[in-house]
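As a plain string of letters, each chain reads:
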Amino acid sequence: MIIDGKKLAEITRTSLAETIAKLNFVPGLAVVLVGDDAASAVYVRNKDRAAHSVGIAARTIRLPATTQQAELLAVVAQLNADPDVDGILVQLPLPKSLDTQAVIRTIDPAKDVDGLTPTNAGLLAAGQPGLVPCTPLGVIKLLEYAGVTLRGTRALVLGRSVLVGKPVAALLTAADATVTVAHSGTRDLAVECRRAEVIVAAVGRPEMVRADWVSNQAVVIDVGINRLPDGRLVGDVATAEVAEIASAITPVPGGVGPMTIACLLENTLAAALMRRS
Ligand code: NDP
């Protein structure tokens, strides 16, 4: 089975649009884009379009690559103070001259729709409610959509980044899966993968997970987005051959990517409702 992330994202957007239409206010999302990274520009455009499609007032603040740290912090502080802004997302990666962690720390945790501030990361680690990073939230929703029972399931997360691997592992643990986190220091990745009933691949290595790494009937979520020299976009999983073995798999594109954006919209609504409650 191919797990259709585009379809699930559409279902999520429809339900969000219905909820937002009934509100007596318009949720606001501000996206800050620094520099002229082509991929980031595409992501930001897609986020903006998706937000408008559900009735969220989205605006993008574009800053030049030469922006100084203090200027960026001032922009974030302004958005923190703006009552019309419910969600703030600073598009990563930032130009190397800027201190990403310092910028993230400046975002008001109540508006942190990317779930990356230390406050929200801490709440997730502690198993308490907070704003959860969008891609990991999308991964869990895709597993639910595919009908996977996570309780008691042996899950392997390939990658331990703050953005994806760690929060995915925390969410799977919260859902009562038995979780292994693999990384560049893992001794025998293929053996670890073959033991898993659910694999979430977030390594950033094109088609690294091969068919002989995957056990029969495993469910595979491919977070990877890798551009090959010939221009093709592939995930971290060799989709065609793994699909022969796995019981369900997400495609790239059309799997985790659309759900990341749908979860950003959900987080914006959640932040708006929390701030007003
Ligand atoms: P990072 O580079 O931050 O992290 C990669 C992780 O993979 C690290 O934990 C690293 O281990 C591990 N790793 C790298 N190489 C190997 C290897 N050969 N064997 C085992 N482990 C390895 O990447 P991200 O987590 O930010 O992103 C992962 C992928 O997901 C990328 O392709 C990215 O483009 C994609 N992505 C997709 C999104 C979407 O919306 N679909 C959103 C965000 C990311 P170590 O910690 O030891 O260095």
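Conventions adopted
Residues numbered from 1 in each chain as written. Predicted model: local features only at pLDDT ≥ 70, side-chain atom pairs only at ≥ 80, totals over all residues. Heavy atoms only, no water. Near = heavy atom within 4 Å. Polar contact = N/O pair within 3.5 Å; in protein donor to acceptor, adjacent residues only side chain to side chain. Areas by Shrake-Rupley, 256 points an atom, 1.4 Å probe, with all protein chains shown as cover. 1 Å grid on protein atoms, 1.4 Å probe; cavity = no way out; pocket = protein on both sides within 12 Å on 5 of 7 lines; lining within 4 Å. Sits in = over half its atoms within 2 Å of the grid points. Helix = DSSP H or I, 4+ residues; strand = E, 2+ residues; numbered from the N terminus. Nonpolar A, V, L, I, M, F, W, Y, C, P; charged D, E, K, R; others polar. Buried < 20%, exposed > 50% of the residue type's maximum accessible area, 1.4 Å probe, protein only. Pairing = 2+ DSSP bridges. Right-handed = clockwise from strand over helix to strand, strands pointing away. Phe/Tyr/Trp six-rings, centres within 6.5 Å; stacked < 30°, edge-to-face > 60°. Lys NZ or Arg CZ within 6 Å of the ring centre and 35° of its normal. Lys, Arg positive; Asp, Glu negative; His and termini not counted. Salt bridge = Lys/Arg side-chain N within 4 Å of Asp/Glu carboxyl O. Contact = heavy atoms within 4.5 Å. Expected span 1.5 Å × (residues − 1). Arc of directions from axis to C-beta.

A. Here's a closer look at the site of the ligand. Near the ligand, the surroundings consist of 21 residues, among which Arg160, Ser161, Ser184, Ile225 and Thr260 are the closest. Note that an oxygen atom of the ligand is positioned 2.8 Å from one of the side-chain N or O atoms of Arg160. In the environment of the ligand, an oxygen atom lies 3.1 Å from a nitrogen or oxygen atom belonging to the backbone of Ile225. In the complex, the protein chains occlude 71% of the 920 Å² of accessible area that the ligand would expose alone. More than half of the atoms of the ligand fall within 2 Å of the grid points belonging to the largest pocket. Broken down by element, the shell around the ligand gets its largest block of residues, three residues, from helix α10 (residues 256–276). A per-class count over the shell around the ligand returns nine nonpolar, 10 polar and two charged.

B. Spatial organisation of the pairing of strand β4 (residues 154–158). Among the five residues in β4, four count as buried, and that is most of the element. Sheet analysis places β4 next to strand β5 (residues 178–182), joined by five bridges and oriented parallel. Bridging from a neighbouring strand, Leu158 pairs with Ala182 of β5. For the handedness criterion, the β-α-β arrangement of β4, helix α7 (residues 165–174) and β5 is classed as right-handed. Taken together, the four bridges between β4 and strand β6 (residues 198–201) define a ladder with parallel strand orientation. Looking at β6, one finds that Leu156 is bridged to Ile199.

C. Spatial organisation of the pairing of β6. The alternating pattern of β6 places Val198 and Val200 on one face and Ile199 and Ala201 on the opposite face, and all of these are buried. Note: β6 against strand β7 (residues 219–222), four bridges, orientation parallel. Across the sheet, the residue bridging to Val200 is Ile221, located in β7.

D. Main features of the packing of aromatic side chains. Counted by the stated rule, this structure contains zero aromatic pairs. Here the basic side chain of Arg276 rests over the ring of Phe25, its NZ or CZ set 3.8 Å away from the ring centre.

E. Just the side chain of Lys47, in detail. Checked against the element boundaries, Lys47 lands in helix α2 (residues 38–54). Among buried charged residues, Lys47 stands out as having no salt bridge; its nearest opposite-charge side chain is Asp114, 5.8 Å away. Residues contacting Lys47, with those up to four places away along its chain left out, are Leu89, Gln91, Ile261 and Leu264.

F. A look at helix α3 (residues 69–81). Taking 1.5 Å per residue, 13 residues should reach 18 Å; α3 reaches 19 Å between its end C-alpha atoms and fits that length. Restricting attention to buried positions, one finds in α3 the residues Leu72, Val75, Val76 and Leu79. Down the axis of α3, the buried set is contained in an arc of 95°. They therefore lie on one face. Counted as exposed and oriented over 90 degrees from the buried face of α3: Ala70, Gln78 and Ala81. Residues of α3 that are buried make contact with β1 (28–34), β2 (57–63), β3 (87–90) and α4 (100–106).

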